[in-house]
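Listed here are the chains, written in short residue letters.
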Amino acid sequence: MKEIALASRTQSDEIGTLNTAIERIDSDTQQNAARVEQTAAVAASLREQVRSLMNAVDSFVLSEDKVPDPRIAPRAVHRTAEGTQLQAAA
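Residues numbered from 1 in each chain as written. Predicted model: local features only at pLDDT ≥ 70, side-chain atom pairs only at ≥ 80, totals over all residues. Heavy atoms only, no water.

## Let's talk about the overall build of the protein
Consideration 1: Along the protein, the regular secondary structure elements total one helix and two strands.
Consideration 2: Along the protein, from the amino end to the carboxyl end, the secondary structure elements read α-β-β.
Consideration 3: In the protein, which comprises 90 residues, the proportion classed as buried is 3%.
Consideration 4: For the protein, the exposed surface amounts to about 8400 Å²; the carbon and sulfur share of it is 59%. (Helix = DSSP H or I, 4+ residues; strand = E, 2+ residues; numbered from the N terminus. Buried < 20%, exposed > 50% of the residue type's maximum accessible area, 1.4 Å probe, protein only. Areas by Shrake-Rupley, 256 points an atom, 1.4 Å probe, with all protein chains shown as cover.)

Printed below as a string of structure tokens:
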């Protein structure tokens, strides 16, 4: 009888430990989901800021005969439906 009682307590303790671990996993999953949402919102905001900055930069005109600084890699600008993408030239 004592062995059964001891086994029952041990099993109960292990179930409690398992429940605690599952609660922790659930909490971590919820936090990760919130971080994903925040990251997506920040990415959308940054995309809009890039579009705004590109529109502001587009208003500047460089002189045709000015020699570009060779230390600065030229960039190709690609406008897509998703937004403006800058790509370093090869």
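## A few points about the pattern of salt bridges
Consideration 1: Counted by the stated rule, this structure contains two salt bridges.
Consideration 2: The closest approach of N and O atoms between Asp28 and Arg24, which form a salt bridge, is 3.3 Å. Taken together, the positions of Asp28 and Arg24, both in helix α1 (residues 2–58) and four residues apart, correspond to about one turn of that helix.
Consideration 3: The class for Asp28 is partly exposed, based on a relative accessible area of 29%.
Consideration 4: Arg24 sits in the exposed class, given a relative accessible area of 55%.
Consideration 5: Arg51 is the partner of Glu48 in a salt bridge, and the nearest nitrogen-oxygen pair spans 3.3 Å. Separated by three residues within a single helix, Glu48 and Arg51 lie in helix α1, roughly one turn from each other.
Consideration 6: On the basis of relative accessibility, which here comes to 45%, the residue Glu48 falls in the partly exposed class. (Salt bridge = Lys/Arg side-chain N within 4 Å of Asp/Glu carboxyl O.)

## Points about the confidence of the model for the protein
Consideration 1: Of the residues in the protein, 67% reach a pLDDT of 70 or more, and the chain-wide mean stands at 81.
Consideration 2: Looking across the protein, the model is least confident in strand β2 (residues 83–88), with a mean pLDDT of 53, and most confident in α1, with 94. (pLDDT = per-residue confidence, 0-100.)

## Quick word on a nonpolar patch on the surface
Consideration 1: Side chains of Leu53, Val57 and Phe60 sit close together on the surface and give an oily, nonpolar patch of about 340 Å² of accessible area.
Consideration 2: Inspection of the secondary structure puts Val57 in helix α1.
Consideration 3: On the basis of relative accessibility, which here comes to 42%, the residue Val57 falls in the partly exposed class. (Patch = residues over 30% accessible without salt bridge, like charges linked within 9 Å, V, L, I, M, F, W, Y side chains within 5 Å.)

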